[in-house]
Amino acid sequence: MTAPILHIIHNNHFWLTVHRCIYWEEQEALVLSDLHLGKTGHFRKNGIAVPQKVFSEDLQRLGDLITHFKPKQIIIVGDLIHSEDNKELQLFVKWRLDFKEIRFILVKGNHDILHKEWYNKAAIEVVLQSYFLQGFGFVHDPADMEAEKDKANYFFSGHLHPGISIRGLGKQSLQFPCFYFSPKMAILPAYSKFSGLAILKKKKADTVFAIVNQSLVAIK
């Protein structure tokens, strides 16, 4: 696994990985967003030939992260699933139950539409709108922070699938997913590689790490 990069927020150690996930050292927690599990199955069901390999690789990466970091909990900042139940989500439930000792916490996102019974079967704790732990808050949509801003010192969010544009010689530009840190909030990249990008323009006070192939690149 490519070596993670340390990013410190309020004296807490957050390790950024090229696999679009953060390891929070003090809480022994993986933090990630927008897995959109079942999305490829949803497309195939509607006649669009998307290979199931995309889904399998996403789960394999998460399994590798669990093996490497050995977390006690996983905090999912919304959109664990993409749509209605399908074969891929049934496979995910079997996969998840191989890690029964790990606590899974889901901040419900706009795509998390399944009935409570499915989340119970998958041993996933679902919280609505916001989750708080040791001075940090977790919301799916960055816009939701405003209503909760007095409840935490710093927030993590997802939803936007943030990306950054990097310009090269000859005025070419390439777009990459990124971790986006502002003074009050982080926006996590979509964990699923089968996702579009919302290109953000970096502000001077913000810190951005682009995920370029198997490297993390600090954007100045």
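Above this note sits the structure.
All residue numbers refer to positions counted from 1 along the written sequence of the respective chain. It should be noted that, the model being predicted, local features are given only for residues of pLDDT at least 70 and side-chain atom pairs only at 80 or more, the latter also being counted only at that level, while totals for whole chains, interfaces and linings use all residues. Hydrogen atoms and water are omitted, and side-chain values are computed over all heavy atoms in the structure.

Participant: Looking at this structure, how should I read the sheet that holds strand 6 (residues 103-107)?
Facilitator: Hydrogen bonds between backbone atoms are what pair the strands of a sheet, whose relative direction is either parallel or antiparallel. Strands are treated as partners if at least two bridges between them are detected by DSSP. Numbering of helices and strands runs from the N terminus; a helix is a DSSP stretch of H or I covering at least four residues, while a strand is a stretch of E covering at least two. In space, the 7 strands of this open sheet follow the order 1-2-3-4-5-6-7, with mixed pairing throughout. The open sheet has two edge strands, strand 1 (5-9) and strand 7 (124-127), and neither has a second partner. Strand-to-strand twist across the sheet, computed as the mean angle between neighbouring axes with direction ignored, equals 25°. Looking at chain direction, strand 4 (residues 29-32) and strand 5 (residues 73-76) are connected through 4 bridges and run parallel. Bridge pairing links Val 31 to Ile 75 in strand 5. Here the axes come from fitting lines to C-alpha atoms, over the contacting stretch only for helices, and the angles between their N-to-C directions go from 0 to 180 degrees.

Participant: It is not clear to me how unusual backbone geometry should be interpreted in this structure. Could you clarify?
Facilitator: With glycine set apart, most residues show a phi of negative sign, and most peptide bonds adopt trans. Not every positive phi belongs to a glycine, and His 36 is a case in point at roughly 50°. Among the structural elements, His 36 can be located in the loop between strand 4 and helix 1 (39-45). Within the chain, Gln 129 stands out as a residue other than glycine whose phi angle is a positive 70°. Residue placement: Gln 129 occurs in the loop between strand 7 and strand 8 (130-133). Exposure classes here rest on a 1.4 Å probe applied to the protein chains alone. A residue is buried below 20% of its type maximum, exposed above 50%, and partly exposed in between. Assessed through its relative accessible area of 39%, Gln 129 is described here as partly exposed.

Participant: Where do I start with the pairing of strand 1 in this structure?
Facilitator: Looking along a regular strand, one sees side chains alternate from face to face of the sheet. As defined by bridge partners, strand 1 adjoins strand 2 (residues 12-16) across 5 bridges and the pair is classed as antiparallel. Within the sheet, the bridge partner assigned to Ile 8 lies in strand 2 and is His 13. Where strand 1 folds back on strand 2, the antiparallel hairpin that results is connected by 2 residues, among which His 10 adopts a positive phi of roughly 50°.

Participant: Mind showing me how you'd approach the layout of surface pockets here?
Facilitator: Gaps between atoms show up when a probe of the same size as a water molecule is rolled over them. Computed from the structure, the largest pocket encloses a volume of approximately 200 Å³. With a 1 Å grid laid over protein atoms only, a set of points is called a cavity when a 1.4 Å probe fits there but cannot get out and a pocket when it is open yet has protein on both sides within 12 Å along at least five of seven lines; lining residues have an atom within 4 Å of a point. Together, Pro 142, Met 145, Leu 160, Tyr 180, Ser 182, Lys 184, Met 185, Ile 187, Leu 200, Lys 201, Lys 203 and Asp 206 line the largest pocket. Under this grouping Gly is polar, as are all residues other than the nonpolar Ala, Val, Leu, Ile, Met, Phe, Trp, Tyr, Cys and Pro and the charged Asp, Glu, Lys and Arg. Here the lining of the largest pocket is built from residues that sort into 7 nonpolar, 1 polar and 4 charged. Grid points are joined across faces, edges and corners, and a volume is the space filled by probe spheres set on the points.

Participant: Explain the pattern of salt bridges here, please?
Facilitator: Proximity of charged atoms lets side chains of opposite charge pair with each other. Here, a salt bridge means any side-chain nitrogen of Lys or Arg that lies within 4 Å of a carboxyl oxygen of Asp or Glu. Tallying each qualifying case throughout the model produces 5 salt bridges. For Glu 125, the salt bridge is made with Arg 103, and the minimal N-O distance between the two is 2.8 Å. Of this pair, Glu 125 sits in strand 7 while Arg 103 sits in strand 6, placing them 22 residues apart in sequence. Given a relative accessible area of 36%, Glu 125 falls into the partly exposed group. Across the pair Lys 149 and Glu 146 runs a salt bridge, and its minimum N-O distance is 2.8 Å. We classify Lys 149 as partly exposed; its relative accessible area is 41%.

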